[in-house]
Amino acid sequence: MLLVSTGLIFTPTALSDPDDLIELRNTWNQYLAEVPRRSRSTQCSGLSVMRGTAEAFMSRHSDSSYASKFNALLARYNCPDLAKLEYLPSA
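Residues numbered from 1 in each chain as written. Predicted model: local features only at pLDDT ≥ 70, side-chain atom pairs only at ≥ 80, totals over all residues. Heavy atoms only, no water.

**Section: unusual backbone geometry**
Look at Ser62: it is not a glycine, yet its phi comes out positive at around 50°. Tracing the backbone through its elements, the reader meets Ser62 in the loop between helix H2 (40-61) and helix H3 (65-76). We classify Ser62 as exposed; its relative accessible area is 64%. (Helix = DSSP H or I, 4+ residues; strand = E, 2+ residues; numbered from the N terminus. Buried < 20%, exposed > 50% of the residue type's maximum accessible area, 1.4 Å probe, protein only.)

**Some details on the packing of aromatic side chains**
This model, assessed by the stated rule, comprises 2 aromatic pairs. With a centroid separation of 5.1 Å and 75° between ring planes, the pair formed by Trp28 and Tyr66 is classed as edge-to-face. With Trp28 in helix H1 (residues 18-34) and Tyr66 in helix H3, the pair connects residues that are 38 residues apart, well separated along the chain. Each of the two residues, Trp28 as well as Tyr66, counts as buried. Ring centres of Phe57 and Tyr66 lie 3.8 Å apart, and the angle between their planes is 5°; this geometry places the pair in the stacked category. With respect to burial, Phe57 and Tyr66 carry one shared label: buried. (Phe/Tyr/Trp six-rings, centres within 6.5 Å; stacked < 30°, edge-to-face > 60°.)

**Some points on H2**
Compared with an ideal rise of 1.5 Å per residue, which puts 22 residues at 32 Å, H2 spans 31 Å between its outermost C-alpha atoms and is within 8% of the ideal. Once H2 finishes, Ser62 follows within two positions and takes phi at roughly 50°, a positive value. (Expected span 1.5 Å × (residues − 1).)

**Overview of the side chain of Thr53**
With respect to the secondary-structure elements, Thr53 resides in helix H2. In this structure, Thr53 is in contact with Leu24, Thr27 and Trp28, ignoring residues within four places of it in sequence. (Contact = heavy atoms within 4.5 Å.)

And the structure:
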């Protein structure tokens, strides 16, 4: 079974893969550090990557905390092409 979301292919093994979790956290932290330093015109592209990362946390690891963090960042930057993430809070 393959799941396709935002152009990425997920397999069921990703749901329990600690390496995947580490990679997602590293991606999130990298962009979190870079977005404020980017030019205004490229901040939204960085936030777009962060949105995809937050979606991956939700779909592959049942963790919606990054969706909440993304929504808070989105409120700070003016990126009209990006929508807030809808999510159920993690248990």
